[in-house]
Amino acid sequence: MLSNKIVLDTNCLLVSISKYGEAYPVWRGFLDGRYTLCVSTEILEEYEEIIGSMTTPDIARNVVDAILKRKNVERIDPYFHWHLITADPDDNKFVDCAFATGATYIVSDDSHFNVLKDITFPQLLVLKLKEFLEILQKEE
């Protein structure tokens, strides 16, 4: 099992839940307990909202239920909010969760997270989905 704790951006989760997609190993890796998924209530609500709007509400509920039932999930509701991403403040929920849980990575293809490269504290590492897939494949 990977010792990595990650925060997974909603769009990355969305593209990983289809077993026919390139990114499916990310979802499969989660289900197999290969990493710990860090989430907050805000993140879970966004997962359900976005997945439900892109698929069906039933699929969204099933995904969130699957997340909540796993032992390799760390739930936290951050008390401190860093407000580091100004271009899309809604993305800060992922940053705050990553910092509060001590996550190894934020996995996102969203360019708004690029601002984190220039911030020395809190230092948070952002990986593209493809980079995280490569890590999972190396650890098989």
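As a reminder, the structure under discussion sits directly above these lines.
Residues numbered from 1 in each chain as written. Predicted model: local features only at pLDDT ≥ 70, side-chain atom pairs only at ≥ 80, totals over all residues. Heavy atoms only, no water.

Novice: Quick rundown of the overall build of the chain? Include the residues and the values.
Specialist: The number of helices and strands found in the chain is 6 helices and 5 strands. For the chain, the succession of helices and strands along the chain, N to C, is β-α-α-β-α-α-β-α-β-β-α. Counting all 140 residues of the chain, 48% fall into the buried class. Here the chain has roughly 7700 Å² of accessible surface; of this, 51% comes from carbon and sulfur atoms. (Helix = DSSP H or I, 4+ residues; strand = E, 2+ residues; numbered from the N terminus. Buried < 20%, exposed > 50% of the residue type's maximum accessible area, 1.4 Å probe, protein only. Areas by Shrake-Rupley, 256 points an atom, 1.4 Å probe, with all protein chains shown as cover.)

Novice: Report on helix α2 (residues 24-31), specifying residues and quantitative values.
Specialist: Of all 8 residues in α2, 6 are buried; the element is thus mostly enclosed. Buried-residue contacts for α2 involve β1 (5-8), α1 (10-16), β2 (36-39), α4 (57-69), β3 (73-75) and α6 (129-138). Looking one or two residues past α2, G33 carries a phi angle of roughly 75°, positive in sign. (Contact = heavy atoms within 4.5 Å.)

Novice: Tell me about the sheet that holds strand β5 (residues 126-127), and name the residues and values.
Specialist: Ordered in space as β3-β2-β1-β4-β5, the 5 strands form an open sheet in which the pairing is parallel. The strands lining the two open edges of the sheet, one partner per strand, are β3 and β5. Direction of pairing for strand β4 (residues 105-107) relative to β5: parallel, over a ladder of 2 bridges. Residue V107 lies in a different strand from β5, and its bridge partner there is L127. Sheet strands touched by helix α5 (residues 92-101): β1, β2, β3 and β4. Its angle to β1, the strand with the most contacts, is close to 170°. (Pairing = 2+ DSSP bridges. Axes fitted to C-alpha atoms, helices over the stretch in contact; angles between N-to-C directions.)

Novice: Please give an account of the environment of A60 that cites residues and values.
Specialist: Residue position: A60 is located in helix α4. The exposure class of A60 is buried, given its relative accessible area of 0%. Leaving out residues up to four positions away in the same chain, A60 has contacts with E48, I51, G52 and T55.

Novice: Before we move on, could you go through the pattern of salt bridges and cite the residues and values that matter?
Specialist: Between side chains of opposite charge, a pair can form as their charged atoms come close. One pass over the structure, following the stated rule, counts 5 salt bridges. Between K5 and E74 there is a salt bridge whose closest N-O contact spans 2.8 Å. Of the two residues, K5 sits in strand β1 while E74 sits in strand β3, which places them 69 residues apart along the sequence. Given the relative accessible area of 26%, E74 is considered partly exposed. Here the salt bridges share partners, and the residues they tie into one network are E48, R61 and D65. (Salt bridge = Lys/Arg side-chain N within 4 Å of Asp/Glu carboxyl O.)

Novice: With reference to specific residues and values, describe the pairing of β1.
Specialist: Across 2 bridges, β1 lies against β2 in parallel orientation. Looking at β2, one finds that K5 is bridged to T36. Strand direction decides the pairing type here: β1 and β4, joined by 3 bridges, are parallel. Along β4, the bridge assignment pairs I6 with Y105.

Novice: So what about the pairing of β2? Which residues, and what values?
Specialist: Here β2 shows no split at all, with T36 and C38 on one side and L37 and V39 on the other all buried. One ladder, built from 3 bridges, connects β2 with β3; its direction is parallel. Looking across to β3, one finds that V39 is bridged to R75.

Novice: Describe in detail the packing of aromatic side chains, supporting the description with residues and values.
Specialist: One pass over the full model with this rule turns up 4 aromatic pairs. Residues W27 and F30 carry aromatic rings whose centres are separated by 5.5 Å and whose planes lie at 40° to one another, so their mutual orientation is tilted. With a gap of 3 residues between them, W27 and F30 both fall in helix α2, about one helical turn apart. Accessibility classification places W27 together with F30 in one group, the buried group. A centroid spacing of 5.2 Å and a plane angle of 85° characterise the contact between Y35 and F132, whose relative ring orientation is edge-to-face. Within this pair, whereas Y35 is found in the loop between α2 and β2, its partner F132 is found in helix α6, the two being separated by 97 residues in sequence. Take Y35 and F132: they sit in the same class, and that class is buried. (Phe/Tyr/Trp six-rings, centres within 6.5 Å; stacked < 30°, edge-to-face > 60°.)

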